[in-house]
Amino acid sequence: MAGNAWDAREYDEQFGFVGRYGDALLDLLDPRPGERILDLGCGTGRHAAAMTALGARVVGVDADERMLAKARADHPEVEFVAANATDPGLGSLGVNEPFAACFSNAALHWMTPQDTVLRNVRSVLADSGRFVAEMGGAGNIAALDASLRGGLGDVGLEALDVVANHFPTVGEQAALLEAAGFRVEMATWFRRPTPLAAGTTAADWTRHFRAGTWAVVPVERRDELAEAINRRAVERGLRTADGWSADYCRLRFVAIAAG
Ligand code: BEZ
C-alpha cells in the first residue's frame, strides 16, 4: 500500500477493527481448499492466515515492508510477497499459475491509479476468477479529514498536504471494474460509523492514518494541532457520550473475471 507510513503494531493493536470487520468478507469469498488466492494489500496477514487455515494456497501481497515483516513473523505458514499493485502483472505473480480469486480488505483505496490496479488484478486471475473486496466508498472519513484540515488551518499549517484516497461511488467503481475486464455481480455502499478504541481520539486516528502529514508537523506544535483537530471533530459529531468514532463508509463488491 502506498501513501502512508505504517506502524504495523499500532495498526493491529489500536485499529484492529479494520481487520475484524474484514472477516465477514471472507464468508462472501468462500475460499475453498486448494484454491490459489491472492490477498491484495494483505497488511499484517490476518485474512491470508485465515484463508490458509481453510486450505487455500494464499499469496499475501503488500507494498509496505513493515506490514510484511509483521505478517511473516505472525504467520510463517503463509507466503507473503512485496509488490506494488500498479506493477504490470503484479510483479509476475500470475505467470506460472493464475489465481482462482482475489481478496482485498481496506486496501484498494490506497492504490492509484485504480484503473491500472484493477487491470493488473484481472491479468493474474483465471477466467471466471472471483474478485471480492471491501474499501472506503464515497464520503468515507469525510468528517475526519475535514477535522484534520480544519485543525491544520486553525494552527496556521494549512499548507501541509493531506493524502487523497480513492473513495468511489458504486457507479464509479463498477465502471472501472467493467473497463478492466470484470462483470460486477454485486456492489453495495453503506455507512459504518465505527467506535474508536478506548483512549483513542480523532486526532490519534489522523496520527496513524495520515502519518505523512503529521511527520512534517514540528514536534513542538503537535499537541496544539491534536487539540485543534479534536475540537473540529467534536463540532462534526465524532464524539458522543460513548466516546470517539470514525465516519467510515464502505464499498463492497463481488466481480467476476470475464473470459
Ligand atoms: C479506510 O476506509 O479503511 C481508511 C481509509 C483511509 C485511511 C484510513 C482508513
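Residues numbered from 1 in each chain as written. Predicted model: local features only at pLDDT ≥ 70, side-chain atom pairs only at ≥ 80, totals over all residues. Heavy atoms only, no water.

### Regarding helix α4 (residues 65-74)
An α-helical turn contains 3.6 residues, so any two residues separated by three or four positions project in the same direction.
Part 1: Those residues of α4 that fall on the buried side of the exposure criterion are M67, L68 and A71. Looking down the long axis of α4, one finds its buried residues gathered within 95 degrees of arc, a one-sided arrangement. (Buried < 20%, exposed > 50% of the residue type's maximum accessible area, 1.4 Å probe, protein only. Helix = DSSP H or I, 4+ residues; strand = E, 2+ residues; numbered from the N terminus. Arc of directions from axis to C-beta.)

### Considering the packing of helix α7 (residues 142-154) against helix α11 (residues 222-235)
Angle between the axes and distance between the axes are the two parameters that describe a pair of packed helices.
Part 1: Across the interface, α7 lies against α11 with an axial gap of 8 Å and an inter-helix angle of 130 degrees. With respect to α11, the element α7 is oriented oblique. Crossing of α7 over α11 shows right-handed handedness. Where α7 abuts α11, its residues S147, L148, G150, G151, L152 and D154 lie against L225, A228, I229, R232 and A233. (Axes fitted to C-alpha atoms, helices over the stretch in contact; angles between N-to-C directions. Parallel < 35°, antiparallel > 145°, perpendicular 65-115°, else oblique. Left-handed = near helix turned anticlockwise from the far one by under 90°. Contact = heavy atoms within 4.5 Å.)

### Here we look at the environment of V124
Part 1: In this structure, V124 sits in helix α6 (residues 114-124).
Part 2: With relative accessibility at 2%, the residue V124 sits in the buried group.
Part 3: Taking the C-alpha atoms as reference, V124 lies 22 Å from A50; in sequence the two are 74 residues apart.
Part 4: Discounting residues that sit within four places of it in the chain, V124 has contacts with L38, G89, L90, G94, P98 and F99.

### Looking at the nonpolar core
Part 1: Core analysis: the biggest nonpolar cluster contains 28 residues, and L38, L40, L108, L125, F131, F182 and F253 have the highest contact counts within it.
Part 2: Listing elements by their share of this core, those giving two or more residues are β1 (36-40), β2 (57-62), β4 (99-105), α6, β5 (125-136) and β8 (243-257).
Part 3: The residues contacting L108, other than those within four sequence positions of it, are L40, Q114, V117, F131, A133, M135 and F253.
Part 4: Formed by 18 residues, the second largest nonpolar core is a distinct cluster that contains A49, V58, A71 and F103. (Core = buried A, V, L, I, M, F, W, Y, C linked by side-chain atoms within 4.5 Å.)

### Regarding the side chain of E134
Part 1: Tracing the chain through its elements places E134 in strand β5.
Part 2: Only 2.8 Å separates the side chain of E134 from the side chain of R252, close enough to count as a polar contact.
Part 3: The residues contacting E134, other than those within four sequence positions of it, are L25, S104, N105, A106, A107, F190, R192, R250, L251 and R252. (Polar contact = N/O pair within 3.5 Å; in protein donor to acceptor, adjacent residues only side chain to side chain.)

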